[in-house]
Amino acid sequence: MNGFLNDLRFGLRQLAAKPGFAVAAIVTLALGIGANTAVFSVLNGYLLKPLPYSQPQQLVAINESVPVVGVPYAGVSIANFNDVVHGTNVFSEAALYTPEDHNFTLNGHTRRITTVSTRSSLFSILRVQPLIGRTFSATNDEKGQDNVVVLSYTFWQLAFGGDPDVVGRSIRLDGQPYRVVGVMPKGFAFPDNRVSLWTPFYFPPGMLTHCRTCWGNQGVIARLKPGAGIAQARAQLTQVQSHIIKKVPSLIANWYKQKEWGFKVRSYRAVLLGDRTPLLLILQGFVLLVLLMACVNVANLLLARILGRTHEIAMRTALGASRWVLIRQMLVEGLCLAVPGALAGVALGWFSLTFIRNVGLGARLGVFTLTPDWRVGLFALGMVLLVAVVTSVLPIRQLSRNDPQALLQSGGRAVGGGRGATQTRSALVVAEIALAAALLGGAGLLVHSLARLQAVDPGFDSGNVLTADILLPPDSGGSGSAAQARYYDQLLSNIRAIPGVKHAGLVSNVPIKNPPHSNGYTVPGRVSITDAKAPVGNAEAVSGGFFRALNIRLLRGRLFGAQDTPDSRPVAIIDKKMADKWFPGESPIGHLITVGGVVKDHKRVQFTIVAEVATIHSESLAESPQRGTFYLDSMQYPAIFSAGISLVVKSSVPPETLIKSVKQDVNNINPLVSISNFTTMHEAVAQSLAEREAVMALVLVFACLGLVLAAVGVYGVLSYVVGQRVTECGVRLALGALPADLLWLIIRDGLKMLAIGLGGGLLLAVVLGYSISSQLFNVAPFDPVTLAGVVVALSIITVAACYLPARRAAKLDPAVAILEQ
């Protein structure tokens, strides 16, 4: 212990004697460790930190899957859920739940709130107790007993000011009274923190045996029994699938078989994460490369210091210091740099975490928390030890190669002037250049990919378009579809009268902003519901103004108009993708389609196609539309999907300036109608790319940091080389060499390191490109443009780093240079 303390004191004195060296090394390590700490905090929050429920590893989500028609994760029908519960023994409990939106009026203002209807078992599955009151009992799953609510902590504070006597009080949702029975604790969220309250999920007993394909948006969460795993759950659900197919009517059984229907089981964490995991792992991989570069850079600095301390090492050896004592000293000095570097890095990482949250990688909907915890502390400690060892390896290796007797005989000059030491430092710089090339290559691919993605034509014009979500109460203006149609007509008329409004329309789901509905359809005479090819398409209810507001091209026919009423012939519009599939080489106008679930007088409604419009990207710019889209007239069938619909307004003025007027119009017609989620289409498109842009921005920062580290490494080695070759340079100048010759001599050494580093670095960049290929859009992992950019950028930086040492050599006075040696 005394030896360690002595080494520590000596190491600190050595660093204090060379403050410039210490600051350079600590700052370099702080940048690498800080970036790693920040990114690992994000990775920890999403992938490692337990979800805010008891024993979250036992929680799983169950979906039905129909892959043939492009529906990998549908809801679970109530009848099939009943079979899941009674046909398996791997789950301790399971619960159906479905998100819903309701209008809630507070202090004369109506607002839209998100609620969840769920079975009473949900809260026992999550093993959470209410802060006040109780949750649902089994009797609340029955008709007449389901008019109760459990409030979220946030909603309790907002609506009741945190009143502890809230239990028993009444609230009204869509005009219907509900009695408060409990309040959940602060921080509880399910499925996310947008949910304001929970209501019982009642369904008629007959639905337990019927409606096998009535999926809706019901989710299922279940808790595995102790010792059970997801593989076991999947095996049992496969047996349930077979049992269901045997007992359902042949029409449904054949449909299930043709569509490869089945159950999907995933961990609940995986469901919440969605497709974020690859992006997070890519980011962590890039930032580890930065840390490796920082370690290489500091190792180079330490090696240079060792080469300058050969006299000290010779004297300590002469006084009896063993090789182990010297190695221990190097490790302690590495720790002296790693610890303050880590402390500064953790502080930097804390501030960087705020930036990461703001650029689009913030915690998703309150379920995940990115606040650093003991795992991040352990990670930082691991980095301290790793950095101390990695940065000390080469100096220790250099010491091990030295002969103590030779040191004494040379007075310490052998180590400092050895050619091998210069080659070692050059090799480190080559490694830095290679790592920098890999970083730049990966960043370039992501930048190129994002540029391609941003250049995708979505099929609509997002400029100066305002969107908002509207939710009508059940009794808005009367009852039935005709009343809703009258409301929509009046609303659009009023909004079109607002100064600056060019077009206004309605759509059940705004493209990119909200995922589209999916629905089965048939084309009479071409494909029927029993056909193996019976398709599913994107289904939207729209008004004619929707196409004008987004400038979606009309290819054939006419848009919806005033002639299309609830009493007129049902009409539909299809997009080009659907037209090309079912009507290749001919016009679809006048042909018929039927839509699943749309019936009148117990018969499927046949819609006459009146137009073909351009195909748009309704879900994502990154994926080509996989399914055709059909549009139904929101004036003919205003309640076909739900009472909620979205408004789209094309303006000749900044769209944000219209918000107040639009709100006022909605309130003037019916104060019980809520309008919310005002967003411009430009913002919606940008938000869909936010996470990709965030990762790209961070990787670009890391790549620039790598460039700086590589430049510092090149400069340091060439400065050392110039210092070692002062006499040689003086002799060359005395013999008639021109300053330009010396300039080229030094720069040539830098270009050699560049060439070797680029050779390995470009290979690494290609390997890295293939490893992130799943996140690239229309860019090959081996992209010549990106690799050429890497070569140019690194060449410029390397030549710039070479110039100053080379210029110093060219300006040497031959006489002084020769006499100095």
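All values reported here derive from a predicted model rather than from experimental measurement.

Participant: How should the overall build of the protein be read in this particular structure?
Facilitator: Each helix and strand in the protein was counted, giving 25 helices and 22 strands. Per-residue burial for the protein yields a buried fraction of 52% across its 821 residues. Relative to all contacts within the protein whose residues are 6 or more apart in sequence, the contacts with residues 24 or more apart total 81%. Total accessible area on the protein is roughly 35,500 Å²; 59% of this is exposed by carbon and sulfur atoms.

Participant: I tried to follow the packing of aromatic side chains on my own but got confused; where do I start?
Facilitator: Each aromatic ring pair is characterised by the separation of its centres together with the angle its planes make. This structure, assessed with the given rule, holds 17 aromatic pairs. Look at phenylalanine 546 and tyrosine 631: their rings are 6.2 Å apart centre to centre, the planes differ by 40 degrees, and that puts the pair in the tilted class. Here tyrosine 631 lies in strand β20 (residues 629–633) and phenylalanine 546 lies in helix α17 (residues 544–549), a separation of 85 residues in the sequence. Residue classification places tyrosine 631 among the buried residues on the basis of a relative accessible area of 2%. An aromatic cluster is built from Tyr53, Tyr97, Phe123, Phe136, Phe188, Phe190, Trp198 and Tyr268, whose rings are joined through pairwise contacts. Residue placement shows arginine 266 over the ring face of tyrosine 73; its charged tip is 3.6 Å from the ring centre.

Participant: Just to check I follow, could you spell out helix α3 (residues 78–87) for this structure?
Facilitator: In an α-helix there are 3.6 residues to a turn, and that puts residues three or four apart on one side. All buried positions along α3 are accounted for by Ile78, Ala79, Asn80, Phe81, Asp83 and Val84. Along its buried surface, α3 packs onto β1 (59–66), β3 (91–106), β10 (219–224), α6 (230–247), α7 (250–258) and β11 (262–267).

Participant: Hey, could you run me through empty space enclosed by the protein in this one?
Facilitator: Over the atoms, a rolling probe the size of a water molecule traces out where space has been left empty. This model, assessed by the stated rule, comprises five cavities of 30 Å³ or more. Looking at the lining of the largest cavity, the elements with two or more residues in it are α15 (419–454) and α21 (690–724). Looking at the lining of the largest cavity residue by residue, the class counts come to five nonpolar, two polar and one charged. If you add up the space inside the second largest cavity, you get close to 70 Å³. The wall of the second largest cavity is formed by Val507, Asn509, Val510, Pro511, Asn514, Pro516, Glu540, Phe546, Ile616, Ser618, Thr629 and Tyr631.

Participant: I tried to follow the confidence of the model for the protein on my own but got confused; where do I start?
Facilitator: Fine structural detail should not be taken from predicted coordinates in areas where pLDDT scores are low. Averaged over all residues, the pLDDT of the protein equals 83, while 82% of them reach at least 70. Every residue in residues 411–417 scores below 50 in pLDDT, and together they form 17 contacts with partners more than four places removed in sequence or on other chains.

Participant: When you look at the environment of valine 150 in this model, what are you seeing that I'm missing?
Facilitator: Position of valine 150 among the secondary structure elements: in strand β6 (residues 148–151). Along the sequence, valine 150 and arginine 134 sit 16 residues apart, while their C-alpha atoms lie 7.9 Å from each other. Ignoring any residue separated from it by four or fewer positions in sequence, one finds valine 150 in contact with Arg134, Thr135, Phe136, Val181, Gly182, Val183, Met184, Leu197 and Trp198.

Participant: How should I be thinking about the environment of isoleucine 616 in this particular structure?
Facilitator: With respect to the element layout, isoleucine 616 can be found in the loop between β19 (603–613) and β20. Since its relative accessible area comes to 6%, isoleucine 616 is described here as buried. Separated by 39 residues in the primary sequence, isoleucine 616 and lysine 577 place their C-alpha atoms 9.4 Å from one another. Apart from residues no more than four positions distant in its own chain, isoleucine 616 is found in contact with Pro458, Gly459, Phe460, Pro511, Ile552, Pro625 and Tyr631.

Participant: It is not clear to me how the pairing of strand β15 (residues 536–542) should be interpreted in this structure. Could you clarify?
Facilitator: Residues in a regular strand project their side chains so that they alternate between the two faces of the sheet. Counting buried residues in β15 gives seven out of seven residues, a clear majority hidden from the surface. Of the pairings in the sheet, the one linking strand β14 (residues 517–522) to β15 comprises four bridges and is antiparallel in character. Bridged to asparagine 519 within β15 is glycine 537.

Participant: Looking at this model, I keep getting lost on the packing of α3 against α6. Mind explaining?
Facilitator: Look at α3 against α6: their axes get within 10 Å of each other, and the N-to-C directions meet at 130 degrees. The angle between the axes of α3 and α6 places the two elements in the oblique class. Where α3 crosses over α6, the handedness of that crossing is right-handed. For the pair α3 and α6, the contacting residues are Asn80, Asp83, Val84 and Gly87 in the first and Leu237, Val240, His243, Ile244 and Lys247 in the second.

Rules and cut-offs
- Residues numbered from 1 in each chain as written.
- Predicted model: local features only at pLDDT ≥ 70, side-chain atom pairs only at ≥ 80, totals over all residues.
- Heavy atoms only, no water.
- Helix = DSSP H or I, 4+ residues; strand = E, 2+ residues; numbered from the N terminus.
- Buried < 20%, exposed > 50% of the residue type's maximum accessible area, 1.4 Å probe, protein only.
- Contact = heavy atoms within 4.5 Å.
- Areas by Shrake-Rupley, 256 points an atom, 1.4 Å probe, with all protein chains shown as cover.
- Phe/Tyr/Trp six-rings, centres within 6.5 Å; stacked < 30°, edge-to-face > 60°.
- Lys NZ or Arg CZ within 6 Å of the ring centre and 35° of its normal.
- 1 Å grid on protein atoms, 1.4 Å probe; cavity = no way out; pocket = protein on both sides within 12 Å on 5 of 7 lines; lining within 4 Å.
- Points joined across faces, edges and corners; volume = space filled by probe spheres on them.
- Nonpolar A, V, L, I, M, F, W, Y, C, P; charged D, E, K, R; others polar.
- pLDDT = per-residue confidence, 0-100.
- Pairing = 2+ DSSP bridges.
- Axes fitted to C-alpha atoms, helices over the stretch in contact; angles between N-to-C directions.
- Parallel < 35°, antiparallel > 145°, perpendicular 65-115°, else oblique.
- Left-handed = near helix turned anticlockwise from the far one by under 90°.

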